[in-house]
Amino acid sequence: MDRDIAVAWLQSHPLFAGLSREVQAEVAAAIESVFCVPNQLITPLNAAPPGLLLLINGELESQTSPGLGQTEILFPGAVLFWAELLLKQPITTPITALTDAELWLLPSEKLTELIAQYPELSQALSSQLAAAVTNLSNQLSLEQERQQALRPYLVPQAKRGIIGKSRYAVQLRQSIKTAAQGNENVLIFGEPGLEKDNMAALIHFGSAQRRQPLIQIACNKLQLSGAELFGRVSGKPGLLAWVGTGTVILNNIQELPKSLWPVILNLLETNTYQPVGQTEPSDEIPLIRNTARIILISEKTDPRLEKVVKTRIKVPPLRVRKADLEAQVDYYISLICRARRCQRVTISPEALRRLQSYDFPGNLQELAGLVERAINQRGSENELTEEVFWAAAGKKSRFRVNLLNTYPWLRRFLRSPWWPTRINYGITTWVFAAVVIILFIGPQTREANFALNLFWCWWWPLVLVGFPFVGRLWCAVCPFMIYGELTQKLSLWLFPRSLQKWPRQTAEKYGAWFLFGLFALIFLWEELWDLPNTAYLSSWLLLLITGGAVIGSLLFERRFWCRYLCPIGGMNGLFAKLSLTELRAEQGTCGAECSTYQCYKGGPALGEGQETNGCPLYSHPAQLVDNRDCVLCMTCLQACPHRSVALNLRPPGIELWTTHTPRHAEIALLLLLLGGIFLHHLPDLERLSGFDWHLEQFGWHGLASVLVLVVVALIPLLAYGVTWLVARTLKPRPWLELAYGYLPLVWAGNLAHYLPWGLGEGGKLLPVAAATIGFNGGSLPILVAHPAVIAFLQGVVILFGLGVSLWLSQRIARQSFKLLWPHQFGLGLVAGACWWVLLN
Ligand code: SF4
Ligand code: SF4
Ligand code: SF4
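Just so we're clear, the structure is a prediction, and the values are computed from it rather than from any experiment.

**Some remarks on the sheet that holds strand E18 (residues 401–402)**
Consideration 1: The three strands are arranged E18-E20-E19 in an open sheet whose pairing can be described as antiparallel. The sheet terminates laterally at E18 and strand E19 (581–585), the two strands that pair on one side only.

Right under this line is the structure:
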């Protein structure tokens with residue numbers, strides 16, 4: 001090495017320039033040359049420094065710069081390890097060569113010798129150390145300022161990965177991975193609630209810049225000047241400068257103030273920006289090169305952005321990713337259960353199906369809210385059933401008037417102890433007991449047994465008239481269930497135990513078929529043993545249904561029998577769909593204000609809510625979509641602390657063409673009830689047919705009964721078959737949905753059947769009551785309608801039923817009459833047959 005050259009170099013270096021010529025010459029004499037190739041590790045971590053290194057040519061990279069934890073490029077003139085040598089510490093910053101490099105090494109031993117010999121050398125190194133400490137302290141305070149500026153916007157980590165295995169989920173994961181591998185700006189767009197910000201975080205934390213900061217900025221909150229983002233001329237740096245080589249998420253870019261669009265588009269296009277000055281951007285303000293990656297989040301893509309951002313990720317809405325729903329729900333469940341340290345719950349298949357049938361306008365965010373609410377509401381259950389999921393509000397609240405607001409006295413009454421407790425335990429229980437006893441011990445025919453008259457000539461017509469007005473109201477005061485509840489309470493008092501949970505899956509699948517079978521047997525029993533004229537058998541019928549309610553209540557909690565198995569309940573639920581009233585709750589209030597769900601779970605008194613055991617049918621008023629699931633017991637109204645429960649006046653039967661879920665077993669029951677009209681008139685059919693059906697013989701009677709039920713049920717089926725044949729290319733609405741069009745006509749036919757009993761025999765209650773106790777009541781007043789009036793009313797009812805059925809079928813189908821005419825013709829045929837049998 002040429003000593004003169006070395007001395008000249010040392011004289012030009014600030015660290016050595018102040019030393020005397022002699023010291024410079026001594027240092028130059030001790031220097032050795034070292035050469036490096038690119039990527040060569042010059043000094044390993046934690047090793048003792050080999051000596052003082054002076055970079056003469058080439059570039060080096062120090063993996064972490066002092067204090068800031070960043071890489072630093074070292075250029076010629078850099079002096080390495082002087083601090084370590086002075087402080088006698090190992091190397092803390094590994095250094096590699098970026099290019100071919102030449103270094104001069106002053107070995108440690110020689111340096112120690114020179115320092116001992118020339119104190120001025122030690123002084124020069126100490127002043128260098130003092131300057132470095134000052135520099136470091138400046139850098140640290142700068143770093144503190146930077147952290148403070150970034151803190152409100154920092155995103156510490158991604159919340160979760162992409163859940164699910166659908167092709168959409170796979171695609172999304174792949175797009176995120178590809179975006180993470182590059183360093184380009186990205187546009188992520190999709191509907192609200194899809195956790196697009198989380199995807200942006202996944203891109204950042206999957207990229208090489210993962211150790212750099214990630215910040216998220218809400219575009220609608222940005223200052224109109226943009227100073228927050230770009231900084232000010234001769235003022236504080238902006239977020240873009242502070243974030244360095246990190247990532248900036250611009251959330252909801254569609255809400256960016258208009259004034260900022262040009263500068264943001266320019267930033268995206270040129271990757272440069274100007275700090276905000278006193279005036280408009282001008283050439284005098286220096287351009288700054290942006291080093292951060294920008295990720296834009298938007299609800300929609302935008303042609304302006306498409307021009308400047310090449311990497312775009314479209315996030316599909318949840319409704320097209322139904323295959324991932326189960327995995328998403330499982331994930332949220334485990335997340336919530338872990339946070340609450342509670343046992344993990346499962347979700348029933350029905351609940352999952354309900355979720356899958358919903359479109360989730362609020363996407364993942366809405367789903368997370370639903371799951372959380374369901375977990376809050378489930379009580380001690382370890383399974384989330386469909387009742388605890390409230391989705392699909394949609395059309396539910398349209399065209400409704402809350403009668404409880406219109407008539408405050410009605411609210412007071414329905415919340416009073418009278419409804420239904422006092423009525424049930426003070427009146428119904430005793431009346432029912434008396435009816436059962438009178439049926440057993442009294443005269444056995446209808447004209448002489450008060451209780452038989454009451455059952456067939458009063459109860460049946462009244463309950464049928466009630467369906468279009470008050471739905472399943474009978475079930476609120478039904479004696480069968482009152483005895484069931486009484487037995488339940490008594491047995492729990494005598495034998496304290498936990499009643500069984502409902503086997504919901506099985507009950508949902510088979511319950512309606514069970515009650516259909518029971519109803520068919522009751523029809524045949526009624527016809528073959530002439531129950532309306534055989535008092536003790538009518539009593540057995542009542543006791544049989546009561547027995548079912550009692551057994552159901554002894555085994556299962558709440559009113560399992562009423563929800564799934566009772567044949568009368570099945571009929572009530574079916575006709576209740578036609579009602580012009582409904583009980584529902586305000587989903588908004590429930591979702592926003594309620595955390596106790598007293599209506600469903602029950603619980604102690606709270607606010608204006610009374611102490612109750614919760615809905616006996618395990619229905620939640622906020623998610624009711626079908627009148628069949630509510631017995632109008634008003635437990636929820638009494639329990640609710642937030643006045644959320646409403647008793648609405650609504651267009652009759654509206655659920656049938658809006659929120660209704662059709663069921664096969666219900667259709668079977670509907671056809672059975674249709675056949676029942678004709679079954680009750682077998683002798684008339686025999687007369688009208690002109691043949692002898694031998695109905696006096698049990699076997700022929702039984703056969704005729706079954707045949708009538710089957711043949712009548714075939715009429716609607718055949719009519720639909722023809723509809724399908726003539727218009728199958730136009731895809732008529734499925735039978736399962738369209739069959740409900742028969743509901744008004746079936747109701748009308750049944751009512752028309754009972755009208756002569758109600759308006760005729762029913763009015764003879766007083767003489768019949770006298771006859772029951774052995775008196776001749778011939779002189780007691782009666783109130784009966786003329787047979788012509790009754791026939792007229794029967795005709796009106798049938799025509800009314802036909803008219804409503806025709807209209808309802810069109811409404812359900814939402815298809816032209818030309819397509820539906822065979823179905824409508826079937827309705828006409830059934831109505832004509834009812835007329836023919838009942839009025840001839
Ligand atoms: S479902 Fe049956 S047992 Fe239950 S309340 Fe109604 S009619 Fe009575
Ligand atoms: S009805 Fe009342 S108790 Fe039930 S969830 Fe709504 S606000 Fe809560
Ligand atoms: S929803 Fe309310 S009124 Fe209907 S059954 Fe349940 S508690 Fe009774």
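**With respect to the sheet that holds strand E11 (residues 247–251)**
Hydrogen bonds between backbone atoms are what pair the strands of a sheet, whose relative direction is either parallel or antiparallel.
Consideration 1: With respect to topology, five strands assemble into an open sheet ordered E10-E11-E14-E9-E15, the strand pairing being parallel. The open sheet has two edge strands, strand E10 (214–218) and strand E15 (311–314), and neither has a second partner. Across the sheet, the mean angle from the axis of one strand to that of its neighbour is 20 degrees, orientation sign disregarded.
Consideration 2: Two strands pair when backbone bridges link them, and E10 and E11 are joined in this way by five bridges, in the parallel orientation. When the sheet's bridge partners are listed, Ile217 is paired in E11 with Leu250.
Consideration 3: Together, strand E9 (186–189), E10, E11, strand E14 (293–298) and E15 form the strand contacts of helix H8 (residues 196–205), whose direction differs from that of E14 by roughly 160 degrees.

**Quick word on the site of ligand 3**
Consideration 1: If you check the shell around ligand 3, you find Leu583, Cys615, Pro616, Leu624, Cys630, Val631, Leu632, Cys633, Met634, Thr635 and Cys636 and nothing else.
Consideration 2: Taken together, the residues of the shell around ligand 3 break down into 10 nonpolar, one polar and no charged.

**Structural notes on the side chain of Arg160**
Consideration 1: On the secondary structure map, Arg160 appears in the loop between helix H6 (119–150) and helix H7 (167–181).
Consideration 2: Taking relative accessible area as the criterion, Arg160 reaches 13% and is therefore assigned buried.
Consideration 3: Among the polar contacts listed, one links the side chain of Arg160 to the side chain of Glu195, at a separation of 2.8 Å.
Consideration 4: Dropping the residues within four chain positions of it, Arg160 is found in contact with Glu195, Asn198, Leu202, Tyr331, Tyr332 and Leu335.

**Some details on the pattern of salt bridges**
Consideration 1: Counting across every chain of the model gives 25 salt bridges.
Consideration 2: In this structure, Arg319 engages Glu191 in a salt bridge whose closest nitrogen and oxygen atoms are separated by 2.6 Å. One end of the pair, Arg319, is in the loop between E15 and helix H13 (325–340); the other, Glu191, is in the loop between E9 and H8, and 128 residues separate them in sequence.
Consideration 3: Asp684 is the salt-bridge partner of Arg687, the closest N and O atoms lying 3.2 Å from each other. One end of the pair is Arg687 and the other is Asp684, both in helix H29 (residues 682–689) and three residues apart, which spans about a single turn.

**Focus: H29**
Every α-helix winds through 3.6 residues per turn, so residues three or four apart in the chain are directed the same way.
Consideration 1: Those residues of H29 lying buried are Leu682, Leu685 and Glu686. Buried residues of H29 fall within an arc of 100 degrees about the axis and therefore sit on the same side.
Consideration 2: The secondary structure elements touched by the buried residues of H29 are helix H21 (504–528), helix H28 (664–679), helix H30 (698–727) and helix H35 (817–838).
Consideration 3: Positive backbone phi, at 80 degrees, marks Gly690, one or two positions downstream of H29.

**Here's the deal with the confidence of the model for the protein chain**
Consideration 1: For the protein chain, mean pLDDT is 91; residues scoring 70 or higher make up 97% of the total.
Consideration 2: Model confidence for the protein chain, summarised as mean pLDDT per element, is weakest for helix H25 (residues 587–593) at 73 and strongest for helix H24 (residues 567–576) at 98.
Consideration 3: Note on residues 65–69: pLDDT is under 50 here. Beyond four places in sequence and across chains, it has 10 contacts.

**Observations regarding the site of ligand 1**
Consideration 1: With respect to spatial proximity, the complete set of residues near ligand 1 consists of Arg472, Trp474, Cys475, Cys478, Phe480, Met481, Arg559, Trp561, Cys562, Cys566, Ile568 and Gly569.
Consideration 2: Among the elements of the structure, helix H20 (479–494), helix H23 (560–565) and H24 are those that each provide at least two residues to the shell around ligand 1.
Consideration 3: Tallied by class, the residues present in the shell around ligand 1 amount to nine nonpolar, one polar and two charged.

**Some details on the packing of aromatic side chains**
The geometry of an aromatic ring pair comes down to the distance between the two centres and the angle between the two planes.
Consideration 1: Going through the model one piece at a time under the given rule, you end up with 28 aromatic pairs.
Consideration 2: Ring centres of Phe440 and Trp540 lie 5.5 Å apart, and the angle between their planes is 85 degrees; on these two criteria the pair is classed as edge-to-face. Taken together, the residues span a long stretch of sequence, with Phe440 in helix H18 (residues 418–441) and Trp540 in helix H22 (residues 535–555) at a distance of 100 residues.
Consideration 3: Both rings, one in Phe455 and one in Trp456, keep their centres 4.7 Å apart while their planes meet at 45 degrees; by these two values the pair is tilted. Assigned by exposure class, Phe455 and Trp456 land together as buried.
Consideration 4: A cation over an aromatic ring shows up here: Arg446 above the ring of Trp757, its NZ or CZ 3.9 Å from the ring centre.

Definitions and cut-offs
- Residues numbered from 1 in each chain as written.
- Chains lettered and ligands numbered in written order.
- Predicted model: local features only at pLDDT ≥ 70, side-chain atom pairs only at ≥ 80, totals over all residues.
- Heavy atoms only, no water.
- Pairing = 2+ DSSP bridges.
- Helix = DSSP H or I, 4+ residues; strand = E, 2+ residues; numbered from the N terminus.
- Axes fitted to C-alpha atoms, helices over the stretch in contact; angles between N-to-C directions.
- Contact = heavy atoms within 4.5 Å.
- Near = heavy atom within 4 Å.
- Nonpolar A, V, L, I, M, F, W, Y, C, P; charged D, E, K, R; others polar.
- Buried < 20%, exposed > 50% of the residue type's maximum accessible area, 1.4 Å probe, protein only.
- Polar contact = N/O pair within 3.5 Å; in protein donor to acceptor, adjacent residues only side chain to side chain.
- Salt bridge = Lys/Arg side-chain N within 4 Å of Asp/Glu carboxyl O.
- Arc of directions from axis to C-beta.
- pLDDT = per-residue confidence, 0-100.
- Phe/Tyr/Trp six-rings, centres within 6.5 Å; stacked < 30°, edge-to-face > 60°.
- Lys NZ or Arg CZ within 6 Å of the ring centre and 35° of its normal.

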